[in-house]
2 protein chains.
Amino acid sequence: MSVSTLITPIVGLLGLGIAYVFFASIAKRSGGEGVIAEIADKIHKGAMIFMKREFMLISAFAVVIGGAIFFFQPDYGPQQSVAFFLGALASSFAGFVGMFTATKANVRTTLAARQEGQGAALSVAFFGGSVMGLTVASMGLIGLGGLFWYFSGKNEHVAEIMEGFAMGASLVALFYRVGGGIFTKAADVGADLVGKVEAGIPEDDPRNPGVIADNVGDNVGDVAGMGSDIFESYCGAQIATIAIAGAIGARLGAPETVEFLNKIGTEDTGLLMQLPLILTTVGLLCSVLGILLVKAMSSREPAGALRVGTIGSAILFIMSSFVTAKYLGLSSAVPLCVLSGAVGGIIIGLITEHYTAGGPVKSLAKQGEMGVATLTISGLAIGLRSVAVPLLTIAATVFISYEFAALYGVGMAAVGMLGTVGITMAIDAYGPVADNAGGIAQMAEMGEETRKITDGLDAVGNTTAAIGKGFAIGAAGLAALALITAFIQKTEVSLNLTDPEVLRTFFVGIFIGGVIPFLNGAITMEAVGKAAFDMIAEIRRQFREIPGILEGKGEPDTDRCVDIATNAATKRMILPALLAVGTPLAVGFGFGSHGAVALAGTLCGALVVCILLALMMSNAGGAWDNAKKYIEEGNHGGKGSEAHVASVVGDTVGDPLKDTSGPSMNILINVMAIVSLVIAPLIA
Amino acid sequence: MSVSTLITPIVGLLGLGIAYVFFASIAKRSGGEGVIAEIADKIHKGAMIFMKREFMLISAFAVVIGGAIFFFQPDYGPQQSVAFFLGALASSFAGFVGMFTATKANVRTTLAARQEGQGAALSVAFFGGSVMGLTVASMGLIGLGGLFWYFSGKNEHVAEIMEGFAMGASLVALFYRVGGGIFTKAADVGADLVGKVEAGIPEDDPRNPGVIADNVGDNVGDVAGMGSDIFESYCGAQIATIAIAGAIGARLGAPETVEFLNKIGTEDTGLLMQLPLILTTVGLLCSVLGILLVKAMSSREPAGALRVGTIGSAILFIMSSFVTAKYLGLSSAVPLCVLSGAVGGIIIGLITEHYTAGGPVKSLAKQGEMGVATLTISGLAIGLRSVAVPLLTIAATVFISYEFAALYGVGMAAVGMLGTVGITMAIDAYGPVADNAGGIAQMAEMGEETRKITDGLDAVGNTTAAIGKGFAIGAAGLAALALITAFIQKTEVSLNLTDPEVLRTFFVGIFIGGVIPFLNGAITMEAVGKAAFDMIAEIRRQFREIPGILEGKGEPDTDRCVDIATNAATKRMILPALLAVGTPLAVGFGFGSHGAVALAGTLCGALVVCILLALMMSNAGGAWDNAKKYIEEGNHGGKGSEAHVASVVGDTVGDPLKDTSGPSMNILINVMAIVSLVIAPLIA
């Protein structure tokens, strides 16, 4: 059986249409008036300023990189550079839509909580997130599906051209995720330190000039940043699988190819290339059903509704992949890979939940009684320990999916992990909407009752965000691994480590690769520190110079704070971007005839270290964050106790780890992998 | 030219004789009387208790491992297991001698400072360290040289038999270094927290029951721990080179062998096997000259004298290696490798000094003004950043030495880095002697003047200790890399990564390998936390229950505290030991016919992550430590200021990082590498 290549982009457009319907249902609600509308408007405008400025910076980088592809790729430069720009645009568009919607949905969630209660509030917040989720998935299908429809059968380099799209997506992710991470933590740390600690006013107090920037930051980091991160992995997983299928097609006669095709149950390598697209198309439909399921359950307990929606659509997706394989006349090898990837993703998510919300958090909170140092050490130890199961899960997923369908199976496992991105991303983006809704309720002084509902939604959002982060790391890792596999296949260098010279070069590569994530961690952490410093100075200045500001009579200049965070997020973004894009180029071309071997080593070293650091940083940060919340609930002396003081420090230490440096690792390895894949023909 | 194989063990015996002369010159000095002698005696006895208990635990492990070698190695099991026991005994003996001497030299340094002034004190402290340095180098020469003399030409498995010696040394290092690290930090944190913070009495106050354990800990960690660590790397580097030479000898006809032998300038592969032993023999003589140089300069400024001694003997060693090569009729290829290794070691040491005593420390101290969280984040960032140059230096050393003499050159670079171990280890061991001398002066209330001299010696010791740590990591990394290279050569598996199945297995291995150091970090950090907890409870109990203890009238039960730290150091040592020894066995045998590939991946992943974490942890910890000292000198508000409070927390966070978890990484990777090399014939 064959499937029209038009199906994927058409379903993508359909998904975009559904996203629009969701958006319209939010937009038609009242955005409030007076103070509420004013605050919401400021957050919305701040978010748009960030998006615009990052977009301009991205454009500058994109022109250079796109131009380089155009001129230096001899065989398909023009097509690949067009795909590159399309990828960058698609990711930017998804980010823009998500941010636009999230900063409309936040205030409407607050109002729904006040006027209609929890069910309606959950509905609005989740639909706000769903617009992002569906847009991410749909843009992937439209972009990749459209390119495949246009080029397949017409251009033998269809896989390579599509790599351009993934590279565009990666570039945007780099800026949104890392820049967003710097923005959000600079604003958060700055607003908290001067507002809460020095001036002694509550969190989200309207007198604090940094508070709008702080709320903008939630969206910037967790909507645009997370969305572009997932989008990148989503495209990367599909591209890697397509590239591996392309390599199989090029070796049709070989005995291992024959054996492989027998296993899969087809001889149509074109179908193998199309298969990831077909599966993600099915995945989008499953996500839509999952979203409707959450909607139908929105009057129930929020955490349960979200869980049923996610797990429901994952199960549906796995079943559908078996049906799809059957329909296409394939064996169950590929759907079994999808199953292993999906199960792997769920395990990683659950382990993340354990370390950031389970037993370890309680024992960490107890350590707070012994003081700051003990709590800090214990948090680091939790972070170090938390990497084991996720890494071994990824290893097991690789091992198992290879058994079913060789390297193609590894790519398919990544597709399986990311297939229901529509709903997993929706739940991720729901978090900051709920968080913002609470912030607006506080700033507009809307009373206990409203705040209680938004707090409840926010608490659920925190847990889903932690799980989402673990999942994003797992998916990014597996996608990167698939891309690296495709790179090694494509370069076809003799990566024979029993040849001493190859071994030497590979070792040197591994060492270089291991260093890069550590450097990236240092640079991003220091960027947050410096940006927060600027923010602190500005907030202090306003408290000092604007008359009556602390009595609520003077007007704080919130735009200035947004501006400072945006400046920091763009300026301090350049070094990490150069590191990510520049390393593969420097190694690949710098090692001359051994470039491919050295780069393979660099990618292997960077892959494992990136995943390790990403998990360690995210989980340590999440554990400190929740230990603080646990103490604030009245445990170990509650607010104001020694344990609480220690936990506040722990939380602050964890902030840049979990929201800036940790997440930037996902992007780093994927950018390095896709850049390597794109330059592979030039260094092979 | 050929050299008698008897030379090496004979020079080793000579070295031991010189060490004895140094020891006698210390022992003949008066050990003081009254309180002073009593305190010194307690430290000495505590150290001996630790050594005895660790030795018993080591014996249990050794019997199991030695027995396994005896029965499961079909070809040379009995010989290899004897070598294994000899290696364990040699390392234990070196550790015992070092500890015995250091805990005699400490009080004599104090007395020399009081009675004769700085020059004599430096002389005693440095001679105390030199006994350890010379014993380490000599035991290596006696053991390895003796085995080579006995087996070469008689048993074709001479290289494999000698691997047993290195494995024995590694096992002992594991227990002394990791157990010592747990001991020293449990005692330090416990004594400081209850004594300084809770009871408000100064450091090293005789009323504190934990203070003897704290002083024992300095010796346990930095004499026995560091000594066995260096001894392991020293043996590992030589064994790896011998193994690589053995592999070359087995492929005499191959064109690359012919080309290689041309480059070196000999056809005598037996000489190639002996060459590392010849060079370390020369290195020992250079170290003795360096030590005498320091002695001759002991009346000058201490830092300068130590520096002239180290650099002087390094230069002498490099020059001698060229002369030796010329004498043996070899080309300059091998001495050039020695040069690159020695230079690499110096660069890594200097970079470590920069990050733990230079500009970054000052900016870190400044961050203390912003509070604990900022200081903690900045320290972590410094640690992350500090890995770059050392890792790239190791990579460059590998790259360059390969150019000169292929994989054999990589081993030779490690030999070059470790050749003057006699003096580098002497300077490392000098640190805790000086530190202890200060502690005794304080406890025995010997007055300002004496304390000032011992403080000066101690300050120099802190810097040399930091440099030594960086150097130890670099040397351990290079030695492990050489061992892994030898493992890959020996297994002769087709490590062809273009074969998808190999690639898959290798990836899975890398993931497993990356996880192990993180787990090891978590386990050792938690071990310190739990051990410190026991110590704190005991000191609190004594303060509560012993009448008049805080007025200096009641006698603190210091033995009990030593006992608790020793218990912790043995009990909590078992899990890390199982992890280090068990991982290669589980992977090597667990992956069936792919065991060698999976294990190669595991070693590669563990190697890079171990070095990264070791450097990051040691340097972050060192930077926090010195930032505190810098503030205590009166900067940023001095003692009692907000910056100072923050820096005390930073120092406490850094303690287990720099003295337990960080150093344990060196051992972890070397144990894994040597176990892999030993089991290579069984899984190939």
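Owing to the predicted nature of the structure, the values given are computational and were not obtained by experimental measurement.

Topic: the overall build of chain A
Working step 1: When its secondary structure is counted, chain A shows 20 helices and zero strands.
Working step 2: Since a compact globule built from 684 residues should have a radius of gyration of about 26 Å, the 24 Å found for chain A is in line with a globular shape.
Working step 3: With the C-alpha coordinates of chain A rotated into their principal frame, the extents come out at 80 × 50 × 45 Å.
Working step 4: When the 684 residues of chain A are sorted by exposure, 69% land in the buried category.
Working step 5: Considering only intrachain contacts with a sequence separation of at least 6, the fraction spanning at least 24 residues in chain A is 85%.

Regarding the interface of chain B and chain A
Working step 1: Contacts between chain B and chain A engage 57 residues on the former and 57 residues on the latter.
Working step 2: At the level of elements, helix 12 (372-385), helix 13 (388-418), helix 15 (448-491), helix 16 (500-545), helix 19 (595-632) and helix 20 (642-683) of chain B are the ones that each hand at least two residues to the side of chain B that touches chain A.
Working step 3: A per-element tally of the side of chain B that touches chain A places helix 16 of chain B first, with 17 residues.
Working step 4: Each residue belonging to the side of chain B that touches chain A can be placed in one class, and the counts come to 41 nonpolar, twelve polar and four charged.

Focus: the relation of the copies chain B and chain A
Working step 1: Rotating chain B by 180° and moving it 0.0 Å along the rotation axis overlays it on chain A with an RMSD of 0.0 Å. Considering both components of the superposition, the chain copies are consistent with a two-fold axis. Taking C-alpha positions as reference, the residue of chain B nearest the rotation axis is Asn-496 of chain B, located at 2.0 Å.
Working step 2: Of the residues that chain B buries at the interface, 100% are likewise interface residues in chain A, meaning the two copies contact each other through the same surface.

Quick word on the packing of helix 6 (residues 211-249) of chain A against helix 8 (residues 269-296) of chain A
All names here are of chain A.
Working step 1: Where helix 6 contacts helix 8, the two axes come as close as 8 Å, and the packing angle between them is 170°. Between helix 6 and helix 8, the crossing angle belongs to the class labelled roughly antiparallel. Each of Gln-238, Thr-241, Ile-242, Ala-245, Gly-246, Ile-248 and Gly-249 in helix 6 lies in contact with helix 8, whose residues at this interface are Thr-269, Leu-272, Met-273, Pro-276, Leu-277 and Thr-280.
Working step 2: Residues belonging to the contact of helix 6 with helix 8 are distributed by class as follows: seven nonpolar, six polar and no charged.

Points about the environment of Leu-57 of chain A
Residue and element names in this part refer to chain A.
Working step 1: The topology assignment puts Leu-57 in helix 2 (residues 34-72).
Working step 2: Distance from Leu-57 to Val-172, taken between C-alpha atoms, is 9.9 Å for residues 115 residues apart in sequence.
Working step 3: Contacts of Leu-57, omitting those with residues within four sequence positions, involve Phe-175, Thr-570 and Met-573.

Considerations on the environment of Ala-121 of chain A
Residues and elements named next belong to chain A.
Working step 1: In this structure, Ala-121 sits in helix 4 (residues 118-151).
Working step 2: Spatially, the C-alpha atoms of Ala-121 and Leu-111 are 7.8 Å apart, while their sequence positions differ by ten residues.
Working step 3: Setting aside residues up to four positions removed in sequence, Ala-121 forms contacts with Thr-109, Ala-112, Ala-113, Ile-453, Thr-454 and Leu-457.

Some remarks on helix 10 (residues 333-357) of chain A
Since the α-helix turns once every 3.6 residues, residues separated by three or four places project in the same direction.
Working step 1: For helix 10 of chain A, built from 25 residues, the straight-helix expectation of 36 Å at 1.5 Å per residue is met to within 8% by its first-to-last C-alpha distance of 36 Å.
Working step 2: Across the 25 residues of helix 10 of chain A, 20 count as buried, placing the element largely inside the fold.

Considering the confidence of the model for chain A
All names here are of chain A.
Working step 1: Confidence in the prediction for chain A averages 89 pLDDT; 99% of positions are at 70 or higher.
Working step 2: Per-element averaging of pLDDT across chain A places helix 15 (residues 448-491) at the bottom with 83 and helix 1 (residues 7-27) at the top with 94.
Working step 3: Across the assembled chains, the prediction reports ipTM 0.91 with pTM 0.92.

Side note on unusual backbone geometry
All names here are of chain A.
Working step 1: Unlike most non-glycine residues, Glu-445 shows phi in positive territory, near 50°.
Working step 2: Mapping Glu-445 onto the fold places it in the loop between helix 14 (421-443) and helix 15.
Working step 3: One non-glycine residue with positive phi stands out, namely His-636, at about 50°.
Working step 4: Summarising the element assignment, His-636 is placed in the loop between helix 19 (595-632) and helix 20 (642-683).
Working step 5: The buried category is assigned to His-636, around which 20 C-beta atoms lie within 10 Å.

Some points on the packing of helix 16 of chain B against helix 18 (residues 574-590) of chain B
All names here are of chain B.
Working step 1: Across the interface, helix 16 lies against helix 18 with an axial gap of 10 Å and an inter-helix angle of 170°. As judged from the angle between their axes, helix 16 and helix 18 are roughly antiparallel. Of the residues in helix 18, those in contact with Gly-509, Ile-512, Ile-516, Leu-519, Asn-520, Ile-523 and Thr-524 of helix 16 are Leu-575, Pro-576, Leu-579, Thr-583 and Val-587.
Working step 2: Across the contact of helix 16 with helix 18, the residue classes break down as eight nonpolar, four polar and no charged.

Topic: helix 19 of chain A
Residues and elements named next belong to chain A.
Working step 1: Given a rise of 1.5 Å per residue, 38 residues ought to cover 56 Å, and the 54 Å separating the end C-alpha atoms of helix 19 matches this to within 8%.
Working step 2: Burial within helix 19 is extensive, with 36 of its 38 residues counted as buried.
Working step 3: Residue Gly-634 follows helix 19 closely and has a positive phi angle near 115°.

Observations regarding the environment of Gly-227 of chain A
Residue and element names in this part refer to chain A.
Working step 1: Take Gly-227: it is sitting in helix 6.
Working step 2: For Gly-227, a count of 33 C-beta atoms within 10 Å gives the class buried.
Working step 3: A sequence separation of 83 residues divides Gly-227 from Thr-310, and the C-alpha atoms of the two residues are 17 Å apart.
Working step 4: Leaving out residues up to four positions away in the same chain, Gly-227 has contacts with Ala-94, Gly-95, Gly-98, Met-132, Val-136, Met-425 and Ala-429.

Scoring rules and cut-offs
- Residues numbered from 1 in each chain as written.
- Chains lettered and ligands numbered in written order.
- Predicted model: local features only at pLDDT ≥ 70, side-chain atom pairs only at ≥ 80, totals over all residues.
- Helix = DSSP H or I, 4+ residues; strand = E, 2+ residues; numbered from the N terminus.
- Rg over C-alpha atoms; globule rule 2.2 N^0.38 Å.
- Buried ≥ 20, exposed ≤ 12 C-beta atoms within 10 Å, placed from the backbone.
- Contact = placed C-beta atoms within 7 Å.
- Nonpolar A, V, L, I, M, F, W, Y, C, P; charged D, E, K, R; others polar.
- Least-squares fit on C-alpha atoms with pLDDT ≥ 70 in both.
- Axes fitted to C-alpha atoms, helices over the stretch in contact; angles between N-to-C directions.
- Parallel < 35°, antiparallel > 145°, perpendicular 65-115°, else oblique.
- Expected span 1.5 Å × (residues − 1).
- pLDDT = per-residue confidence, 0-100.

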